[in-house]
Amino acid sequence: MRLLLLAAFLLLSAAARADPATATLAPFLDAVAACAGRPDLTLAVVGVEPGQTALSREQAEEVRLAVESRLQATGRVRLAAAADVVRIKALREGTSGLSGVEAEAQIRAAFAGDASVFLVEPRRAGDTAALRLQAITRNAACKATSEPLIVPIRVGAAVADIDAVMEGAVKTFAAAAPHAKAIEVCPFVAEGGHSTCAGALTDRLVIALDAEARSANRILKGGRLDVRRRPPGTACAGPVTARGRFLTDPNRQSWMELEFQRDDAVLAPTGRRRIGIEGLGCDPTPRPFLDHLAATARTDAGRLTVAATATPFSAGQRLEMRIEARARQSLYCWVLAPDETAFIALPVRGNTASAAPLKPGEAKRYPRGYGLDEIVAGEPFENLFACFGVDGGLPPELAERWLAAAPGVDGEAKLLQPSDVLDLLEKIRATPGITEATARIVVR
């Protein structure tokens, strides 16, 4: 008898030392059971709202799983697979295959339960997250909300949703400068070089500002907001501007900063926010200018190739580039320097041969193959020789700009400044059917 009493005492002591967070769920589950009209519950833990910025996706998933564990530990709950539909589908497709009807049936089954549980109002403090559970019954006739629940977080710093951060900053800006009529959007700057993510972030900011300009509240008040995107490489100035930076750290984590300025006063700064770039479709790697151009070129070796005849060239050696087209191409070639300047190489004004399109399978060597003077290597340098190819030529406005900077038969090419280089690059790459080919010119 004494042994039995001792065992009972130990069991009671263990229960008293049970996770207090699990014990706090009892009133919540009582309320859900009252809503559902049954004591044994099947719950689908959906998770946090997609637009929240307190938790990264990894952290949100960890918190959801922790909540599921605590609900299971109460012994009163069965879990439906509401948040695991993708995993179920992948499992079925990877084994026996899954028809559309079967997939639809499994999705319905995954959400079958007495109530869906949402994790609402998440707040992060250090290594923990505070949130409430909110259960809504299947017929949406009843809901129950828990007391605040504290859940530990074991994964890295919060990854903010890019659109949510920008939307919040834009709303704060609109509240701070409600009478602003126009805003100049400066291109995001990538710290340490060039990155395609900078352009992608600029796109997202323009979208957020455009949404504000079209908002019902602004329209009803007659408040117009003109959103003007500045071309890359140009000075960004105006009464009201938006400026952003994109950064990557040694751990390959991505960060952004955004601030609005009015008459040199900073409005609505986001501070440095860690962001997930998976949805941007960009390469976060910061690269030097020439590396960035080569990495982002719209190359197609099946249509156009460029190659140096020597790598590297030696002082006194003749510089030549071999250009070969495998489809009819009108060529526009230039030489770009690390300082983001450039000069036009082809075509040459007044030189008919340099403007003639290459035929399929035709190869030429620049400059001799175009009837131009030889170029002899001198002091060490490294540039990028790049060609655009397009059937039928560039649109008239772009072709005119290009030829205006091109060399004449009796003169040198005009040195293009970084703003002109970046603007031309952006506009030409947007031309339908454009193909690029690049090659290094290295003199040692």
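Keep in mind the model is a prediction, meaning the values are calculated, not measured.

**Let's talk about the packing of aromatic side chains**
Two descriptors summarise a pair of aromatic rings, namely the distance from one centre to the other and the angle between the planes of the rings.
Here is step 1 of the chain: All chains considered together, the criterion is met by seven aromatic pairs.
Here is step 2 of the chain: Judged by centre distance (5.0 Å) and plane angle (45°), the rings of Trp 334 and Trp 402 are tilted. Of this pair, Trp 334 sits in strand β17 (residues 330-336) while Trp 402 sits in helix α12 (residues 396-405), and the two are 68 residues apart along the sequence. Note on accessibility: Trp 334 and Trp 402 belong to one class, buried.
Here is step 3 of the chain: Taken together, a centroid distance of 5.4 Å and an interplanar angle of 35° make the contact between Tyr 366 and Phe 385 tilted. Pair noted here: Tyr 366 is in strand β19 (residues 363-366) and Phe 385 is in strand β21 (residues 381-390), with a separation of 19 residues, a long-range link. Side by side, Tyr 366 and Phe 385 carry an identical accessibility label, which is buried.
Here is step 4 of the chain: In textbook terms, an aromatic cluster arises when at least three aromatic residues are bridged by ring pairs, as seen for Tyr 332, Trp 334, Phe 388 and Trp 402.

**Details of helix α13 (residues 418-429)**
Along an α-helix, residues three or four positions apart point the same way, because every turn accommodates 3.6 residues.
Here is step 1 of the chain: For α13, spanning twelve residues, the distance from its first C-alpha to its last is 16 Å, which sits close to the expected 16 Å at 1.5 Å a residue.
Here is step 2 of the chain: Looking at α13, one finds that the buried residues are Val 421, Leu 422, Asp 423, Leu 424, Leu 425, Ile 428 and Arg 429.
Here is step 3 of the chain: The elements touched by buried residues of α13 are α10 (289-296), β17, β18 (342-346), β21, α12 and β22 (435-443).

**A closer look at the sheet that holds β21**
Here is step 1 of the chain: With antiparallel pairing, the four strands of this open sheet are ordered in space as β18-β17-β21-β22. This sheet does not close on itself; its edge strands, each paired only once, are β18 and β22. For this sheet, the mean angle separating the axes of adjacent strands, direction not counted, is 25°.
Here is step 2 of the chain: Bridge count between β21 and β22: nine bridges; the pairing is antiparallel. Bridging from a neighbouring strand, Leu 384 pairs with Arg 440 of β22.
Here is step 3 of the chain: The strands that α10 touches are β17, β21 and β22; relative to β21, the one it contacts most, it runs at about 25°.

**A word on the sheet that holds strand β16 (residues 321-325)**
Here is step 1 of the chain: With antiparallel pairing, the three strands of this open sheet are ordered in space as β14-β16-β19. Each edge of the open sheet carries a strand with a single partner, namely β14 (304-308) and β19. Taken over all neighbouring pairs, the strand axes of this sheet differ in orientation by 20° on average, direction set aside.
Here is step 2 of the chain: The pairing of β16 with β19 spans four bridges and is antiparallel. Note that in β19 the partner of Glu 324 across the bridge is Ala 363.

**Regarding the pattern of salt bridges**
Here is step 1 of the chain: A full pass over the atoms with the stated rule returns 30 salt bridges.
Here is step 2 of the chain: With its nearest N and O atoms 2.1 Å apart, the salt bridge here joins Arg 440 to Asp 291. Taken together, the residues Arg 440 in strand β22 and Asp 291 in helix α10 connect sequence positions 149 residues apart.
Here is step 3 of the chain: The partly exposed category is assigned to Arg 440, whose relative accessible area is 26%.
Here is step 4 of the chain: A salt bridge links Glu 320 to Arg 318; its shortest N-O distance comes to 3.9 Å.

**Quick word on the environment of Gly 168**
Here is step 1 of the chain: By the secondary structure assignment, Gly 168 is in helix α7 (residues 162-176).
Here is step 2 of the chain: With a relative accessible area of 32%, Gly 168 lands in the partly exposed category.
Here is step 3 of the chain: Considering only alpha carbons, one finds Gly 168 and Thr 270, 102 residues apart in sequence, at a separation of 8.7 Å.

**Some remarks on the nonpolar core**
Here is step 1 of the chain: With 34 residues, the main nonpolar core has Met 166, Phe 173, Leu 201, Leu 205 and Phe 260 as its most contacted residues.
Here is step 2 of the chain: Listing elements by their share of this core, those giving two or more residues are α7, β7 (182-185), α8 (196-213), β10 (240-248) and β11 (254-262).
Here is step 3 of the chain: Beyond its immediate stretch of four places on either side in the chain, Met 166 contacts Phe 188, Leu 201, Arg 204, Leu 205, Ala 208, Met 256 and Leu 258.

**Section: the packing of α10 against α13**
Here is step 1 of the chain: Where α10 contacts α13, the axes come no closer than 13 Å and their chain directions differ by 5°. The pairing of α10 with α13 is recorded here as roughly parallel in orientation. Mapping the contact onto sequence places Phe 289, Leu 293 and Thr 296 in α10 and Val 421, Leu 422, Leu 425 and Arg 429 in α13.
Here is step 2 of the chain: For the contact of α10 with α13, the class distribution of residues is five nonpolar, one polar and one charged.

**What about the state of the cysteines?**
Here is step 1 of the chain: Across all of its chains, the model carries four disulfides by this definition.
Here is step 2 of the chain: Here Cys 35 pairs with Cys 142 through a disulfide, and the sulfurs are 1.9 Å apart. The chirality of the disulfide connecting Cys 35 with Cys 142 is left-handed, given an S-S dihedral of about -50°. You can see Cys 35 sitting in helix α3 (residues 25-36) and its partner Cys 142 sitting in the loop between β4 (128-137) and β5 (143-145), a full 107 residues away along the chain.
Here is step 3 of the chain: Judged by relative accessible area, which is 22%, Cys 35 ranks as partly exposed.
Here is step 4 of the chain: On the accessibility criterion, Cys 142 (27% relative accessible area) is partly exposed.
Here is step 5 of the chain: Disulfides within the chain link the bonded cysteines, taken in sequence order, as 1-2, 3-5, 4-6, 7-8.

Reading guide: rules and limits
- Here, residues in each chain are numbered from 1, in the same order as that chain's written sequence.
- Thresholds applied to this predicted model are a pLDDT of at least 70 for local features of residues and 80 or more for the giving and counting of side-chain atom pairs; totals over whole chains, interfaces and linings are not thresholded and use all residues.
- To obtain the side-chain values, all non-hydrogen atoms of the structure were used and water was disregarded.
- Geometry of aromatic contacts follows a simple scheme: Phe, Tyr and Trp rings, the Trp one being its six-membered ring, pair when their centres are within 6.5 Å, and the pair is stacked under 30 degrees between planes, edge-to-face over 60, tilted otherwise.
- Secondary structure elements follow DSSP: runs of H or I no shorter than four residues count as helices, runs of E no shorter than two count as strands, and numbering proceeds from the N terminus.
- Note on exposure labels: buried denotes an accessible area under 20% of the residue type's maximum, exposed denotes more than 50%, and partly exposed covers the range between, all computed with a 1.4 Å probe on protein chains only.
- Every helix has an expected span of 1.5 Å times one less than the residues it contains.
- Two residues qualify as a contact provided that any one of their heavy atoms is within 4.5 Å of a heavy atom in the partner residue.
- The rule for pairing is simple: two strands pair if DSSP sees at least two bridges between them.
- Each axis is a line fitted through C-alpha atoms, and for a helix only the stretch in contact is used; angles between axes span 0 to 180 degrees, taken between their N-to-C directions.
- The rule for a salt bridge is simple: a side-chain nitrogen of Lys or Arg has to be within 4 Å of a carboxyl oxygen of Asp or Glu.
- To form a nonpolar core, buried Ala, Val, Leu, Ile, Met, Phe, Trp, Tyr and Cys residues must be joined to one another through side-chain atoms within 4.5 Å.
- Should an angle lie under 35 degrees it is considered roughly parallel, over 145 roughly antiparallel, and from 65 to 115 roughly perpendicular; all remaining angles are considered oblique.
- Classification convention: Asp, Glu, Lys, Arg as charged; Ala, Val, Leu, Ile, Met, Phe, Trp, Tyr, Cys, Pro as nonpolar; all other residues, Gly among them, as polar.
- Whenever a pair of cysteine sulfur atoms sits within 2.5 Å, that pair is classed as a disulfide.

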